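Residue-level listing of the chains:
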Amino acid sequence: MNSMYMSLTSAPSKQASLTCKNISPLDSYFKRCQAPKPQFTRIFFQVSKRRKQIVCQVNMSAQSTAGQVIRCKAAVAWEAGKPLVIEEVEVAPPQAMEVRLKILFTSLCHTDVYFWEAKGQTPLFPRIFGHEAGGIVDSVGEGVTHLKPGDHVLPVFTGECGNCRHCKSKESNMCDLLRINTDRGVMLSDGKTRFSINGKPIYHFVGTSTFSEYTVAHVGSVAKINPAAPLDKVCILSCGISTGLGATLNVAKPTKGSTVAIFGLGAVGLAAAEGARIAGASRIIGVDLNPNRFEEAKKFGCTEFVNPKDHNKPVQEVLAEMTDGGVDRSVECTGNINAMISAFECVHDGWGVAVLVGVPNRDDAFKTRPVNFLNERTLKGTFFGNYKPRSDLPSVVEKYMNKELELEKFITHQVAFRDINKAFDYMLAGEGIRCIIRMDA
Ligand code: NAD
Ligand code: ZN
């Protein structure tokens, strides 16, 4: 049914097939989203023997939403740490080099939770969070040439303008124009928001704000993907899974037979473990304070587990004893400053590489003895696993399509959009891995 909605909303004037019983939910769907309803110019029926149902062909000539304000539902964070409120918001049309997206599925990443709690981060409210999502292009602003209404896309919290020295470098994904900026709550082109409620502006989050039925993003923050890819699965590639996978495969680069420690076994850490498994690591040691994660982590290639709480010495010493002096690679996916320091100090001297992925508090400082560097250990960090979002993400989606990468095992919960606060409860309780939020429910 969703794909039918997709084709109806995204590709007006095309012919779509739908079963008769779906006409009335469609009606209420367009009403609820206040998206212009397609005009049904021609309807005819035929009996489909294969699907054992009557199929109704509809010719549509929808009015375009281009240039119009759309009223739709969004989950607004009015205050730090307070449950999100589903509100009716106005979403302005995309301006030059922007696209408006219809979000179909989104999920919750810990980065949303940090900035919603705003404990160690700069508070900015009211705001629409959300950055891990899949959707379709609704309309495009002036100058947008490589995306068109109907394209299936993943928005990404860090963009790729394609023209700057970072985008032109093979090594970097830190685009000068569109790299992650957690403090900016407005669009780059005019410093204004595209969301409002009765004229009151509502701030954006990392250029994506996917906890809304419609959102506006810079074209460089949107990756066009294979339209056959199921958006309810590949939406988790738009942040957490690609980040963890890339942190290991693109940045830590463990060799076959090596030993890798993963700090934090949430979605990002488990994807990092998956990367270590794909790279052929022979020992993958999962480190987490939550023992409930260990059973789950076996499915992602973890071979051993350490809970720092079970030991009365620093976890880096425990790991050094387990591995004859230290692990070859470590990937930190917790956001906790002490875990970051342990992840660095647990790598072997001479060749060990540690990669930081977790988002720290604004004022955290990394403290270690300089001799740890002199002893030839390397410390690195990465956003989005070093993937360039527009150039590289489509091929990560293809890894799922070719069955090289399994995504289903990361998805432990699903909730309707109206129950989005439950996804926050699951994450705060350390329950499950990723929770998919269905925008149409
Ligand atoms: P999550 O909450 O699902 O998982 C974090 C895990 O870390 C939990 O299992 C928790 O028990 C564990 N943990 C916390 N403190 C620990 C400690 N001191 N020692 C060991 N384990 C500890 O979160 P997630 O969505 O998987 O995100 C993980 C981190 O990655 C977050 O900090 C998030 O902000 C960050 N992140 C970074 C990027 C990036 O591009 N760099 C992208 C996405 C997420
Ligand atoms: Zn750039």
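The rules behind each value
- Residues numbered from 1 in each chain as written.
- Chains lettered and ligands numbered in written order.
- Predicted model: local features only at pLDDT ≥ 70, side-chain atom pairs only at ≥ 80, totals over all residues.
- Heavy atoms only, no water.
- Helix = DSSP H or I, 4+ residues; strand = E, 2+ residues; numbered from the N terminus.
- Buried < 20%, exposed > 50% of the residue type's maximum accessible area, 1.4 Å probe, protein only.
- Contact = heavy atoms within 4.5 Å.
- Areas by Shrake-Rupley, 256 points an atom, 1.4 Å probe, with all protein chains shown as cover.
- Near = heavy atom within 4 Å.
- Polar contact = N/O pair within 3.5 Å; in protein donor to acceptor, adjacent residues only side chain to side chain.
- Nonpolar A, V, L, I, M, F, W, Y, C, P; charged D, E, K, R; others polar.
- Domains from an automatic or database assignment.
- Pairing = 2+ DSSP bridges.
- Axes fitted to C-alpha atoms, helices over the stretch in contact; angles between N-to-C directions.
- Core = buried A, V, L, I, M, F, W, Y, C linked by side-chain atoms within 4.5 Å.
- Donors = N, O, S within 2.8 Å, 3.2 Å for Na, K, Ca; no water.
- Tetrahedral: all angles 85-135°; square planar, octahedral: opposite > 155°, others 65-115°.
- Salt bridge = Lys/Arg side-chain N within 4 Å of Asp/Glu carboxyl O.
- 1 Å grid on protein atoms, 1.4 Å probe; cavity = no way out; pocket = protein on both sides within 12 Å on 5 of 7 lines; lining within 4 Å.
- Points joined across faces, edges and corners; volume = space filled by probe spheres on them.
- Phe/Tyr/Trp six-rings, centres within 6.5 Å; stacked < 30°, edge-to-face > 60°.
- Lys NZ or Arg CZ within 6 Å of the ring centre and 35° of its normal.

A. Seen up close, the overall build of the protein. Scanning the protein for helices and strands turns up 13 helices and 20 strands. The buried share of the protein, taken over its 441 residues, is 56%. Here the analysis covers contacts within the protein between residues at least 6 apart in sequence; of these, 69% occur between residues at least 24 apart. As displayed, the protein offers around 18,600 Å² of accessible surface, 50% of which is attributable to carbon and sulfur atoms.

B. View of the site of ligand 1. Around ligand 1 sit 30 residues in total, of which H110, T111, D288, V357 and F384 are the nearest. A distance of 3.1 Å separates an oxygen atom of ligand 1 from a polar atom in the backbone of V359. Protein burial of ligand 1: of its 870 Å² of free accessible surface, 91% is covered by the chains. Of all the secondary-structure elements, those providing two or more residues to the shell around ligand 1 are α3 (110–117) and α7 (267–278). Looking at the shell around ligand 1 element by element, the count peaks at three residues for α3. Here the shell around ligand 1 is composed, by residue class, of 16 nonpolar, eleven polar and three charged. If you count residues domain by domain, the shell around ligand 1 takes at least three from each of domain 1 (70–238 + 407–438) and domain 2 (244–383).

C. The arrangement of the sheet that holds strand β10 (residues 200–202) in detail. Taken together, four strands build an open sheet; the order of strands is β4-β5-β9-β10 and the sheet is antiparallel. The open sheet has two edge strands with one neighbour each: β4 (70–76) and β10. Each strand axis lies, on average, 50° off the axis of its neighbour in the sheet, ignoring direction. The sheet contact formed by strand β5 (residues 85–91) and strand β9 (residues 195–197) spans two bridges and is antiparallel. Directly across from V91, in β9, lies its bridge partner F195.

D. A look at the nonpolar core. The biggest cluster of nonpolar side chains holds 103 residues, and the ones touching the most others in it are F211, V234, L237, L407 and F410. The greatest single-element share of this core, amounting to seven residues, is contributed by α7. Mapped onto the domain boundaries, this core takes at least three residues apiece from domain 1 (70–238 + 407–438) and domain 2 (244–383). Excluding residues that lie within four positions of it along the chain, V234 makes contacts with L154, I225, A229, V397, Y400 and L407. The next biggest cluster of nonpolar side chains, apart from the first, holds 15 residues, and it includes I285, A339, A343 and F344.

E. The arrangement of the coordination of the zinc ion (ligand 2) in detail. Distances from the zinc ion (ligand 2) to its protein donors, C161 (SG), C164 (SG), C167 (SG) and C175 (SG), fall at 2.3 to 2.5 Å. Because the angles between the four donor atoms bound to the zinc ion (ligand 2) fall within 102 to 120°, the donor set is best described as tetrahedral. We note that the donor set of the zinc ion (ligand 2) lies within a single chain, spaced as C-x2-C-x2-C-x7-C. Of this pair, C161 sits in the loop between β8 (152–155) and α4 (165–168) while C175 sits in the loop between α4 and β9, placing them 14 residues apart in sequence. Each member of the pair, C161 as well as C175, carries the same accessibility label: buried.

F. Region of the structure containing the environment of N386. The topology assignment puts N386 in the loop between β18 (378–381) and α12 (389–401). Expressed as a C-alpha distance, the spacing of N386 and G244, which sit 142 residues apart in the sequence, is 10.0 Å. Contacts of N386, omitting those with residues within four sequence positions, involve E171, S172, N173, N250, V251 and D392.

G. Broad picture of the pattern of salt bridges. As enumerated under the stated definition, the model contains 23 salt bridges in all. Note that R179 and D176 form a salt bridge whose closest N and O atoms lie 3.9 Å from each other. A residue is classified by how much of its surface remains accessible, and R179, at 31% relative accessible area, is partly exposed. One salt bridge in this structure joins E304 and R283, with 2.7 Å as the shortest N-O distance. With E304 in strand β15 (residues 304–306) and R283 in strand β14 (residues 283–287), this residue pair connects regions lying 21 residues apart in the sequence. Among the charged side chains, a salt-bridge network with shared partners connects R71, E88 and E90.

H. Empty space enclosed by the protein, seen in detail. By the definition in use, this model includes three cavities of 30 Å³ or more. Reported here for the largest cavity is a volume of approximately 170 Å³. In terms of lining residues, the largest cavity is bounded by 15 residues, among which L178, R184, V206, G207 and S221 are the most central. Tallied by class, residues from the lining of the largest cavity come to seven nonpolar, six polar and two charged.

I. Spatial organisation of the packing of aromatic side chains. Following the criterion strictly, the structure yields twelve aromatic pairs and no others. Every member of this aromatic cluster is reached through a ring pair, and the members are F115, F125, F129 and F205. Seen from the ring of F300, K409 lies directly overhead, with NZ or CZ sitting 4.8 Å from the centre.

J. Quick peek at the environment of Q95. Tracing the sequence through the fold places Q95 in the loop between β5 and β6 (98–107). Its relative accessible area of 36% is what places Q95 among the partly exposed residues. A C-alpha to C-alpha distance of 9.7 Å links Q95 and V144, two positions 49 residues apart in sequence. Contacts of Q95, omitting those with residues within four sequence positions, involve G141, E142, S189, D190 and R194.

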